[in-house]
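Coordinate analysis (summary)
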Amino acid sequence: MKKWLIVFAALLPLSSMANMLNNTNEPFKPGYNPSQQRMQTQMQIQQQQEKLKLQQDQQQQKQDLQRKMQEHRDSAQQRVIKTQPGQQNTN
């Protein structure tokens, strides 16, 4: 996850640079540059993909953590049950 945070943090300045580019699609307007348009679009798509990947990674980590916590709770509950007087060991 740290790797994605570093990548995301490194791309933030690029997104502000992309906003400085001419973001209109008017070929007769001064300053129109189709290669800049393509580059800006590609950067935005890449940033969206990386944001989605980061969200997916975070969701996966959250699910893994929840599963591990449930396993620990179940294990602790079994230990408590086994230590109760009158309980039979079924294992």
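Scroll up for the structure.
Now for a description of the structure that goes with this document.

How each quantity is defined
- Residues numbered from 1 in each chain as written.
- Predicted model: local features only at pLDDT ≥ 70, side-chain atom pairs only at ≥ 80, totals over all residues.
- Heavy atoms only, no water.
- Helix = DSSP H or I, 4+ residues; strand = E, 2+ residues; numbered from the N terminus.
- Buried < 20%, exposed > 50% of the residue type's maximum accessible area, 1.4 Å probe, protein only.
- Contact = heavy atoms within 4.5 Å.
- Areas by Shrake-Rupley, 256 points an atom, 1.4 Å probe, with all protein chains shown as cover.
- Salt bridge = Lys/Arg side-chain N within 4 Å of Asp/Glu carboxyl O.
- Expected span 1.5 Å × (residues − 1).

Here's the deal with the overall build of the chain
- For the chain, the count of helices and strands is 2 helices and 0 strands.
- Each of the 91 residues in the chain was classed as buried or not, and the buried ones make up 11%.
- Considering only contacts within the chain whose residues lie at least 6 apart along the sequence, 39% involve residues at least 24 apart.
- As displayed, the chain has an accessible area near 7800 Å², and 55% of this comes from carbon and sulfur atoms.

Some thoughts on the pattern of salt bridges
- Applying the stated rule across the entire model yields 3 salt bridges.
- With its nearest N and O atoms 3.9 Å apart, the salt bridge here joins Arg-67 to Asp-64. One end of the pair is Arg-67 and the other is Asp-64, both in helix α2 (residues 34–83) and 3 residues apart, which spans about a single turn.
- Between Glu-71 and Arg-67 there is a salt bridge, and its shortest N-O distance comes to 3.2 Å. Remark: Arg-67 and Glu-71 occur in helix α2; sequence separation between them is 4 residues, near one turn of the helix.
- The partly exposed category is assigned to Glu-71, whose relative accessible area is 44%.
- One network of salt bridges, with partners in common, ties together Asp-64, Arg-67 and Glu-71.

Points about α2
- Between the first and last C-alpha of α2 there are 73 Å, a value that for 50 residues agrees with the 74 Å anticipated at 1.5 Å per step.
- Those residues of α2 not exposed but buried are Gln-37, Gln-40, Glu-50, Leu-54 and Asp-57.

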